[in-house]
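Breakdown of the fold
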Amino acid sequence: MIRLNDIVVKFGDFTALHGINVHVKEGEFFTFLGPSGCGKTTTLRTITGFIEPAEGSVVVKDRDITRVPIEDRNIGIVFQSYALFPTMTVYDNIAFGLKVKKAKKDEIDRKVREIARKVDLSDEQLKKAVSQLSGGQQQRVAIARALVTGPAIICMDEPLSNLDAKLRVQLRNELKKMQKDFGITTIYVTHDQEEALTLSDRIAVFNKGFIEQIGTPNEVYNHSQTEFVCNFIGDINRLNDDTVSALRAAGAEVDASKHNYIRLERLHVNVAPRGGEIALDGTVESCEYYGLYIKYYIHVGTQSLKVIEKNDGVNIYDPGQRVKVILNPNDIMAYAPSAEEVE
């Protein structure tokens, strides 16, 4: 559906993107994830036509659109700020693209009302000025405006970042449902790891103008290809030298020359070790109660390990309590030190 081939983007002497290669399948929800300034929005703007690459090509359905004007790309765009017209009605905001395309009045009316129903905007809301709507409703207007012209692709740049946490979670779920209902190929930009894992079919993790890994949420989380991805996606424990030595002494095959990490939920407290699992002695330092689960900080040897346990309402451990931390060495992700560290 969409192919980015060896995309290089430069701003003066600064290279923002270094040979980006991405293939987005038709109907896929594909997310560009990474910290601020990593190149994800620059890549999105290259696809939509706001930026022309110094090298490489943007191909959609076997058509090279690298130098095709924005308005001729058939791509819907939802901006971080929504970019709505505050004094215009919701109806006129949604109809704007159709009017630009000089669609007939009855066709505009039919399409606006049809798309409004699909994104849960009432006829009453269509009459209101956008400034009278809540943040969540404005976000729906922005999506409706992007979809009403029937684009082959929709691109969203941090569309939930201006909303409060509760509304963000609610609309995140609605966004995914809408995308599936419409079956439209979606490219989504975010710095929020949880958002990316929840919404995406696949994720490209960006770092300093490069793509570190492309994979499903499960792949980037449980099988992180690089140390950056491992650290950026979710929370994690880095095992220090003493912990690695203790594991090796217990018979685990852990490479002491590498940086070794393990996810919080892969550790367990006071359960019977099963095949290949190793028990380490520890002391509970503190805990954080989240209801569904409890996060423990447990002093093991010379380091503090973070452990997430499901809250069963019975086995709850207090600070100062001696416990066993159980782990399977197969759950450890290991990465070779960088060239700078080796030197």
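As the structure is a prediction and not an experimental result, all values here were calculated from the model.

Conventions and cut-offs
- Residues numbered from 1 in each chain as written.
- Predicted model: local features only at pLDDT ≥ 70, side-chain atom pairs only at ≥ 80, totals over all residues.
- Heavy atoms only, no water.
- Pairing = 2+ DSSP bridges.
- Helix = DSSP H or I, 4+ residues; strand = E, 2+ residues; numbered from the N terminus.
- Axes fitted to C-alpha atoms, helices over the stretch in contact; angles between N-to-C directions.
- Contact = heavy atoms within 4.5 Å.
- Salt bridge = Lys/Arg side-chain N within 4 Å of Asp/Glu carboxyl O.
- Buried < 20%, exposed > 50% of the residue type's maximum accessible area, 1.4 Å probe, protein only.
- Parallel < 35°, antiparallel > 145°, perpendicular 65-115°, else oblique.
- Left-handed = near helix turned anticlockwise from the far one by under 90°.
- Nonpolar A, V, L, I, M, F, W, Y, C, P; charged D, E, K, R; others polar.

**Quick notes on the sheet that holds strand β7 (residues 153–157)**
Strand order in the open sheet made by the six strands is β6-β7-β8-β3-β9-β10, with mixed pairing throughout. In the strand order of this sheet, the two ends are held by β6 (75–78) and β10 (210–215), each with one partner. Neighbour-to-neighbour, the strand axes of the sheet open up by a mean angle of 15°, direction not taken into account.

**Focus: the sheet that holds strand β15 (residues 293–300)**
Here five strands make up an open sheet; going across it, the order is β13-β17-β14-β15-β16 and the pairing antiparallel. The outermost strands of the open sheet, each flanked by one partner alone, are β13 (268–269) and β16 (303–310). When β15 meets β16, the two strands line up antiparallel, connected through eight bridges. The residue bridging Lys295 from the neighbouring strand is Ile308, located in β16. Against the sheet, helix α10 (residues 241–249) contacts β14 (278–289), β15, β16 and β17 (322–327), and its axis sits at roughly 140° relative to β14.

**Considering the pattern of salt bridges**
Using the criterion set out here, one finds 13 salt bridges in the structure. Note that Glu28 and Arg202 form a salt bridge whose closest N and O atoms lie 2.6 Å from each other. Taken together, the positions of Glu28 in the loop between β2 (14–24) and β3 (29–33) and Arg202 in strand β9 (residues 202–207) put the pair 174 residues apart, joining distant regions of the chain. Both residues of the pair, Glu28 and Arg202, count as buried. Asp235 is the salt-bridge partner of Lys306, the closest N and O atoms lying 2.8 Å from each other. Taken together, the residues Lys306 in strand β16 and Asp235 in the loop between α9 (227–232) and β11 (236–239) connect sequence positions 71 residues apart. Three or more residues joined by partner-sharing salt bridges are found here, namely Asp109, Arg113 and Asp123.

**Observations concerning helix α1 (residues 40–48)**
Taken across its nine residues, α1 has seven buried, putting it largely inside the fold. Looking at α1, one finds that the buried residues are Lys40, Thr42, Thr43, Leu44, Thr46, Ile47 and Thr48. Looking one or two places after α1, you find Gly49, whose phi comes out positive at around 105°.

**Description of helix α2 (residues 90–100)**
Every buried residue belonging to α2 is among Val90, Tyr91, Asn93, Ile94, Ala95, Gly97 and Leu98, and all of these are buried. Buried residues along α2 sit in contact with α3 (105–118), α4 (123–126) and α5 (135–147). The first or second residue beyond α2 is Lys102, which carries a positive phi of 60°.

**Here we look at unusual backbone geometry**
Here Lys102, not a glycine, exhibits a phi torsion of approximately 60°, which is positive. As for its placement among the helices and strands, Lys102 is situated in the loop between α2 and α3. For Glu158, which is not glycine, the phi torsion reads 50° and is therefore positive. Within the secondary structure layout, Glu158 lies in the loop between β7 and α6 (165–182).

**Details of the packing of α5 against α6**
Where α5 meets α6, the closest approach of the two axes is 11 Å, and the angle between their N-to-C directions is 20°. One way to sum up the angle between α5 and α6 is to call them roughly parallel. Here α5 runs over α6; the crossing is right-handed. Every residue of α6 that contacts α5 at Gly135, Gly136, Gln139, Arg140, Ile143 and Leu147 is listed here: Leu167, Gln170, Leu171, Glu174, Leu175, Met178 and Phe182. Along the lines of polarity and charge, the residues of the contact of α5 with α6 split into seven nonpolar, four polar and two charged.

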